[in-house]
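# Summary of structural features
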Amino acid sequence: MKVAFYTIGCKVNQADSQAIRQKLLAAGYTPAEPEENPDVLVLNSCAVTAESERKTRQKLRHFRAINRDCILVLTGCSAQANPNAAEDYAEADLILGHRDAKNLPALLDAYLRCGERTVMISSHQRGEVFEDSAIECFPGRTRANVKIEDGCDRFCAYCIIPYARGRVRSKPLPALRTELETLASAGFAEIVLVGINLSAYGSDLGCTLCEAVELAGSISGIKRVRLGSLEPDLLNAEILQILSHCESLCPHFHISLQSGCDNTLRAMRRRYTAAEYRTLACEIFARFPDAALTTDVIVGFPGESDEDFAASLAFVEEIAFAKVHVFPFSPRKGTPAAEMAHQLPKAIKQERAHRMLALAERLRVQFLAAQVGKTAQLLLEQPHPLGGMQGCTANYTPVRLPEATPEMQNTLQPIKITALDACGGLVGCAATAGQLM
Ligand code: SF4
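From a predicted model like this one, the values you see are computed outputs, not experimental measurements. (Residues numbered from 1 in each chain as written. Predicted model: local features only at pLDDT ≥ 70, side-chain atom pairs only at ≥ 80, totals over all residues. Heavy atoms only, no water.)

### Here we look at the packing of aromatic side chains
Selection criterion: For this analysis, a ring pair means two rings from Phe, Tyr or Trp (six-membered ring only for Trp) whose centres lie within 6.5 Å, classed as stacked if their planes differ by under 30 degrees, edge-to-face if by over 60, and tilted for the remaining angles. Numbering of helices and strands runs from the N terminus, with a helix taken as a DSSP run of H or I at least four residues long and a strand as a DSSP run of E at least two residues long.
One pass over the full model with this rule turns up eight aromatic pairs. Each ring, one from Tyr277 and one from Phe315, has its centre 6.1 Å from the other, and the planes form 75°; the classification is edge-to-face. With Tyr277 in helix H12 (residues 274-287) and Phe315 in helix H13 (residues 306-319), the pair connects residues that are 38 residues apart, well separated along the chain. Considering the side-chain rings of Phe301 and Phe329, the 5.2 Å spacing of their centres and the 75° angle between planes classify their relative orientation as edge-to-face. Within this pair, whereas Phe301 is found in the loop between strand S12 (292-299) and H13, its partner Phe329 is found in the loop between strand S13 (323-328) and helix H14 (346-371), the two being separated by 28 residues in sequence.

Put into structure tokens, the structure is as follows:
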């Protein structure tokens, strides 16, 4: 039987999909794409914003429309966080929570035998341990997302994730070593350590994120270690000092800001101030001069005044992020922020998102322009529509190498970044290893 996957959301969701895919392929299923008339289609969903929720419903209807007879499986955070999942996702034949999805091969066998719609959403338990879901490969990708942490204990006022993902639990270091050795022998030169609250990695096991990074950097064949999204208040100068000694660590830090205004940060129940975030950013640039700092910002949070928004905008400009993901506040049912007074009209949220996005775009061009003239190692990933190959430098800057060919995919090439082209992308040329000194 043919199985296809469609994943919405974060790198952790992508790693979860790969783990489920591996179980199904081991059970004899063959891989297919959603458009290739699969027998089974697994939609791994996301509930972090109203937009991702809307996309989950839209994709469910779409896949049912184009695959009338396929077995449609819904899993992921939308299923887990939505008590009315059974009714709301009528197109799905099986609706499975995170903990239940690991049993998909057996649940599909049961469904094929009796044809009974299955809704199985086990709630997360205190003391739940990390479910080992080691991945062996990451089809069609040059870098592999390695999930080392799940869950979050923070309960930021706007966030549905702790309700969907449960409490912090981490992958033990020995299991991580085995997984990384497998991925290295499968040819992955770059891995991304990901988690729901990656910065909290090991807090349940008595180990640290630094140890996981050092371990990853010690695996033969792994040349680059990248980090997923991080929380600012779980990082400090001491941790950055240790990380700065990990040669294979990529100097790209995605650290969620959410707002540059202390009033709003307090209302969001975030655990740092703008000044503390600024100090952290300075610590990063002091130890990683070539670093790229990227972030997430919510605009239009309940009660955010014009002055609060102006403070947030000014702070983002001051830090000069390399990239900013902007989210108009969307109330998530079941979170404190959804019940808060002073919910802002859609028009104000959209206007603020527009202004923050315009700033983000200006900062992005500024960051890319500042890369011109630099030398770097480029990991070649895919052919570029304008010719040659495209890849990313260690600080996650995308660069096109016109003279590169598809045979060079997944190789690290010394390059010099020569120009910002008409499309706003960077172009490079081959450099000698000497030029990288
Ligand atoms: S730390 Fe991140 S995942 Fe955890 S509650 Fe806050 S926003 Fe959500």
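### Concerning the sheet that holds strand S4 (residues 71-76)
Selection rule: Here, a strand pair is defined by DSSP locating no fewer than two bridges between the strands. By definition in these notes, contact holds between two residues if any of their heavy atoms fall within 4.5 Å. What counts as an axis is a line fitted to C-alpha atoms, over the stretch in contact for a helix, and the angles between N-to-C directions run from 0 to 180 degrees.
Taken together, six strands build an open sheet; the order of strands is S2-S1-S3-S4-S5-S6 and the sheet is parallel. Two strands in the sheet have a free side with no partner beyond their single neighbour: strand S2 (30-31) and strand S6 (118-120). Set on the sheet, helix H1 (residues 11-26) makes contact with strand S1 (2-7), S2, strand S3 (40-45) and S4; between it and S1 the angle comes to about 175°. Packed onto the sheet, helix H2 (residues 50-66) meets S1, S3 and S4 and runs at close to 170° relative to S3.

### Describing the domain arrangement of the chain
Cut-off, in case you're wondering: A domain assignment, automatic or from a database, supplies the domain bounds used here. Accessible-area loss on putting two parts together, using a 1.4 Å probe and summing over both, is the definition of buried area adopted here. The working definition used for a salt bridge is a side-chain nitrogen of Lys or Arg within 4 Å of a carboxyl oxygen of Asp or Glu. Here a polar contact is taken to be a pair of N or O atoms separated by no more than 3.5 Å, where protein atoms must pair a possible hydrogen donor with a possible acceptor and residues adjacent in sequence count only if both atoms sit in side chains.
On domain assignment, one finds that the chain holds domain 1 (2-120), domain 2 (134-250) and domain 3 (372-436). Interface of domain 2 and domain 3: buried area, both sides summed, is about 840 Å²; carbon and sulfur atoms make up 51% of it. Among the residues of domain 2 in contact with domain 3, Thr142, Arg143 and Arg224 are the three that bury the most area, contributing 62% of the side total. The tally of links between domain 2 and domain 3 comes to one salt bridge. Taken together, the links from domain 2 to domain 3 amount to six residue pairs in polar contact (both at pLDDT 80 or more).

### Focus on unusual backbone geometry
Test applied: To sort residues, take the accessible area from a 1.4 Å probe on protein chains only and compare it with the maximum for the residue type: under 20% means buried, over 50% means exposed, and anything in between is partly exposed.
Backbone geometry places Phe155, a non-glycine residue, at a positive phi of 55°. If you trace the backbone, Phe155 turns up in the loop between strand S7 (143-150) and helix H7 (161-165). A relative accessible area of 24% means that Phe155 is categorised as partly exposed. Even without being glycine, Tyr396 reaches a positive phi, approximately 70°. Along the chain, the position of Tyr396 falls in the loop between strand S15 (389-392) and strand S16 (398-401). By relative accessible area, Tyr396 is classed as partly exposed at 29%.

### Topic: the site of the ligand
Which entries qualify depends on this criterion: Here a residue is considered near a molecule or strand provided that any single heavy atom belonging to it is located within 4 Å of it. Each residue gets one of three labels, nonpolar for Ala, Val, Leu, Ile, Met, Phe, Trp, Tyr, Cys and Pro, charged for Asp, Glu, Lys and Arg, and polar for the others, Gly among them.
In the region of the ligand, the neighbouring residues are Cys152, Arg154, Phe155, Cys156, Tyr158, Cys159, Ile161, Pro162, Glu231 and Arg270. Residues that form the shell around the ligand fall into these classes: seven nonpolar, no polar and three charged.

### Observations concerning the pairing of strand S18 (residues 426-430)
With two bridges connecting them, S16 and S18 associate as parallel partners. Each bridged residue has a counterpart across the sheet, and for Arg400 the counterpart in S18 is Val427. By the bridge criterion, five bridges tie strand S17 (residues 412-420) to S18 in an arrangement that is antiparallel. Across the sheet, residue Ile415 finds its bridge partner in S18, namely Ala430. A loop of five residues connects S17 with S18, the two strands running antiparallel in sequence, and Gly424 in this loop sits at a positive phi of about 85°.

### A closer look at the pairing of S7
Where burial is concerned, most of S7 is hidden: eight out of the eight residues are buried. Bridge count for S7 against strand S9 (residues 190-195) is six bridges, and the pairing is parallel. Looking across to S9, one finds that Glu149 is bridged to Gly195. Examined bridge by bridge, S7 and strand S8 (residues 169-170) share two bridges and lie antiparallel to one another. Along S8, the bridge assignment pairs Glu149 with Ser170.

### Some thoughts on the sheet that holds S8
Within the open sheet, the four strands sit side by side as S8-S7-S9-S10. Their pairing is mixed. Here the strands that pair on one side only, and so sit at the sheet edges, are S8 and strand S10 (224-227). Sheet topology note: the S9/S10 ladder contains four bridges and is parallel. Bridge assignment links Ile191 to a residue of S10, and that residue is Val225. Seen against the sheet, helix H8 (residues 173-185) touches S7 and S9 and runs at an angle of roughly 170° to S7.

### With respect to helix H9 (residues 209-218)
Listed as buried for H9 are Leu209, Cys210, Ala212, Val213, Leu215 and Ala216. Contacts from the buried residues of H9 go to S7, H8, S9, S10 and helix H10 (237-243).

### Describing the pattern of salt bridges
For side chains bearing opposite charge, pairing can occur when the charged atoms are close. Under the criterion given, the structure shown has 27 salt bridges. We note a salt bridge from Lys374 to Asp290, for which the minimum N-O separation is 2.7 Å. Of this pair, Lys374 sits in the loop between H14 and strand S14 (375-383) while Asp290 is found in the loop between H12 and S12, placing the two residues 84 residues apart along the sequence. On the basis of relative accessibility, which here comes to 29%, the residue Lys374 falls in the partly exposed class. Here the residues in one salt-bridge network are Asp16, Arg99, Glu128, Lys147, Asp150, Arg165 and Arg169, joined through shared partners.

### A closer look at the layout of surface pockets
Put simply, the rule reads: The way it works is a 1 Å grid over only the protein atoms, where trapped points that fit a 1.4 Å probe form a cavity and open points with protein on both sides within 12 Å along at least five of seven lines form a pocket, and then any residue with an atom within 4 Å of a point lines it. Grid points are joined across faces, edges and corners, and a volume is the space filled by probe spheres set on the points.
Taken as a whole, the second largest pocket holds about 360 Å³ of empty space. Contributing to the lining of the second largest pocket are 15 residues, with Arg224, Pro251, Ala376, Gln377 and Ala394 lying nearest its centre. Element by element, the count of residues in the lining of the second largest pocket is highest for S14, at three residues. Its residues assigned to classes, the lining of the second largest pocket shows six nonpolar, five polar and four charged.

### Re the environment of Ala404
The topology assignment puts Ala404 in the loop between S16 and S17. Classification of Ala404 by relative accessible area gives buried; the value is 6%. The spacing of Ala404 and Ala101 is 303 residues in sequence and 41 Å in space, taken between C-alpha atoms. Apart from residues no more than four positions distant in its own chain, Ala404 is found in contact with Leu380, Gly388 and Met389.

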